Structures are given as structure tokens and as C-alpha cells.
Amino acid sequence: MGNIIFYVRNGKQCMRAMPQKVKNPKSTKQSSRRSQFGATAKFASSLLSVLIHPYWNPIAKKEDRSGYNLFLTTNMPAFTAGLLQKEKLLLIPENELKQEQFIISQTDMGIQLTWSYTQNNKKADPNDELTLLIMSPNGALEIRQTQAKRSEQELMIEAPKEQEYFAFWERGTLWSETCWLPLQSDN
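Here goes a summary of the coordinates provided.

Analysis parameters
Counting from 1, residues in each chain are numbered in the order their sequence is written. Two thresholds apply to this predicted model, a pLDDT of at least 70 for residue-level local features and 80 or more for giving and counting side-chain atom pairs, whereas whole-chain, interface and lining totals are computed over all residues. Note that the side-chain values use all heavy atoms of the structure and ignore hydrogens as well as water. Each helix is a run of H or I in the DSSP string that is no shorter than four residues. Each strand is a run of E no shorter than two, and both are numbered from the N terminus. Following DSSP output, two strands are said to pair if at least two bridges run between them. Every angle, taken between N-to-C directions, lies between 0 and 180 degrees, and every axis is a line fitted to C-alpha atoms, over only the stretch in contact when it is a helix. By convention a nonpolar core is built from buried Ala, Val, Leu, Ile, Met, Phe, Trp, Tyr and Cys residues, the set being connected through side-chain atoms within 4.5 Å. Only protein chains enter the calculation, and the probe is 1.4 Å; a residue is then buried if its accessible area is under 20% of its type maximum, exposed if over 50%, and partly exposed in between. Whether two residues touch is decided by their heavy atoms; if any such pair falls within 4.5 Å, the residues are in contact. Patch construction takes residues with relative accessible area above 30% that form no salt bridge. Like charges are linked within 9 Å, and nonpolar side chains (Val, Leu, Ile, Met, Phe, Trp, Tyr) are linked within 5 Å. Only the protein chains shown count as cover for residues, and all accessible areas are computed by the Shrake-Rupley method using a 1.4 Å probe. Each salt bridge in this description consists of a side-chain nitrogen of Lys or Arg and a carboxyl oxygen of Asp or Glu lying within 4 Å of one another. Angles are sorted into four bins: roughly parallel if under 35 degrees, roughly antiparallel if over 145, roughly perpendicular if 65 to 115, and oblique for all others. We call a crossing left-handed when the near helix sits turned anticlockwise from the far one by less than a right angle, and right-handed when that turn is clockwise. In the scheme used here, Gly and all other residues not listed as nonpolar or charged are polar, with Ala, Val, Leu, Ile, Met, Phe, Trp, Tyr, Cys and Pro taken as nonpolar and Asp, Glu, Lys and Arg as charged. Think of a 1 Å grid over just the protein atoms. A cavity is a set of points where a 1.4 Å probe fits yet cannot get out, a pocket is an open set with protein on both sides within 12 Å along at least five of seven lines, and lining residues have an atom within 4 Å of a point. Grid points are joined across faces, edges and corners, and a volume is the space filled by probe spheres set on the points.

With that settled, the discussion passes to the environment of tryptophan 56. Turning to its location among the elements, tryptophan 56 is positioned in helix α2 (residues 48–61). In this structure, the C-alpha to C-alpha distance between tryptophan 56 and threonine 107, residues 51 residues apart in sequence, is 35 Å.

Shown next as C-alpha cells:
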């Protein structure tokens, strides 16, 4: 019917204008963007059941989007020039809980994480539990429940062995966004 396309989304009949013809530039910038998208999509695909379905889908649903799409949009800036910039990576988006600033110290026993906790904040409860996401060099992800409470204000971690650590707080169906922990090992 002319320039209009009809389709069904979430059980509702919708319509939109037909897309214009797509130009396919083979510029350096466009090639770089395609590589960035591909790297982000490959990474996201490996996290579907572990992170995207449980943590991204509930957030994305509020915006009538998929968790996968929201993850890609949010994390594409972390994949540039073929490198993963861990400090820009957001593995889990915020869902009502506050993230803390961590102080990281090297000790003889491993790595000590400390944080400050202020009461009387709806987004921070003394019983919120700290969870670690540990990424191996091959990209495999381990979720480690630490059972450390926000009110305890510290956690000792074994010295990392070429792994990347991310931390977030959980309380029932609520969680904070992740933050990258730039841990250094002597290995």
C-alpha cells in the first residue's frame, strides 16, 4: 500500500513509513562502526541467559525494547578499535539500587575492597549483598555471590589471575549497575 508498511508488534497492529533506500558506504568510519557493532553483538550473544535475560530485559521492558537491544546500544562505546574498554562496559544496568565508590588496596592476603555506607537512603540498605562478575581472558563470565553486606564496608578478594572484576549490589529483585574494579595482580 504505497509507502506504508503494516506489521504486528506485541500483539498490536502497527504501521510505519517504508524505509528509504539504504546507502552502503564503504568508508573507514562505516567499516569501523560495523566492526564495533559486530564485536558488541558477539559479546552480548554470549551473555543472553547469564545477564541479558535476568538483568537487562526487565529494564528494557519499561522502554518497550528488548534487553539485547538496550545492551548493544549502551555498550557499543566500550568496543572501539578492536579493544574492549572495561571502564566503559556496563554489564548490568541500574535497577533502583545505588552503586558505591570502591577503594582498592593490595594486601598480603589479596585485594581489599572498602566502601562507605550511609544509612537513610532508599537506594542503599545495610543488607544489600555485593556480587562480583569475574571475566576470564576468553570472555567467560562467572557470577560470584560474596555474601558481603553493604553495612560491612569491606571485602577481601583473592589476588586476581588475569581476570577482570566487576561489582554490583543486589537486594531481591533490585540491583545497582556494575562498576569495573581495576584490580592489579603481581602475576
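Still more to cover.
A few words on the sheet that holds strand β5 (residues 103–107). Pairing in this open sheet of 3 strands is antiparallel, and the strands run β5-β6-β9 from one edge to the other. Each edge of the sheet is formed by a strand with only one pairing partner; in this case those strands are β5 and β9 (154–157). On average, each strand axis in the sheet is inclined to that of its neighbour by 20°, with strand direction left out of account. In terms of strand pairing, strand β6 (residues 110–114) meets β9 through 4 bridges, oriented antiparallel. Counted as the bridge partner of leucine 113 is leucine 155 from β9.

The biggest cluster of nonpolar side chains holds 24 residues, and the ones touching the most others in it are Phe43, Leu89, Leu91 and Ile92. What leucine 89 contacts, discounting residues up to four positions off in sequence, is Phe43, Asn75, Ala78, Phe79, Leu84, Met135 and Phe166. Counting residues in hydrophobic clusters, the runner-up holds 17 residues, among them Leu97, Ile134, Leu155 and Trp169.

Moving on: a nonpolar patch on the surface. A cluster of nonpolar side chains, contributed by Ile4, Phe6 and Met15, occupies part of the molecular surface with about 290 Å² of accessible area. Within the secondary structure, phenylalanine 6 sits in strand β1 (residues 4–9). A residue is classified by how much of its surface remains accessible, and phenylalanine 6, at 44% relative accessible area, is partly exposed.

Below, the discussion takes up the packing of helix α1 (residues 28–45) against helix α3 (residues 67–75). Where α1 contacts α3, the axes come no closer than 10 Å and their chain directions differ by 135°. Comparing the axis directions of α1 and α3 gives the class oblique. By crossing handedness, the relation of α1 to α3 is classed as right-handed. Contact residues: α1 offers Phe37, Thr40, Ala41, Phe43, Ala44 and Ser45, while α3 offers Tyr68, Phe71, Leu72 and Asn75. When the residues that make up the contact of α1 with α3 are grouped by side-chain class, the tally is 7 nonpolar, 3 polar and no charged.

In this structure, the largest pocket encloses a volume near 240 Å³. In terms of lining residues, the largest pocket is bounded by 14 residues, among which Ser35, Gln36, Ala39, Phe79 and Gly82 are the most central. Of the residues contributing to the lining of the largest pocket, the split by class is 6 nonpolar, 5 polar and 3 charged. Of the pockets and cavities examined, the second largest pocket occupies roughly 210 Å³. If you trace the second largest pocket, you find it lined by Phe43, Ser46, Leu84, Lys86, Met135, Ser136, Pro137, Asn138, Gly139, Glu162 and Glu164. Considered class by class, the residues forming the lining of the second largest pocket number 4 nonpolar, 4 polar and 3 charged.

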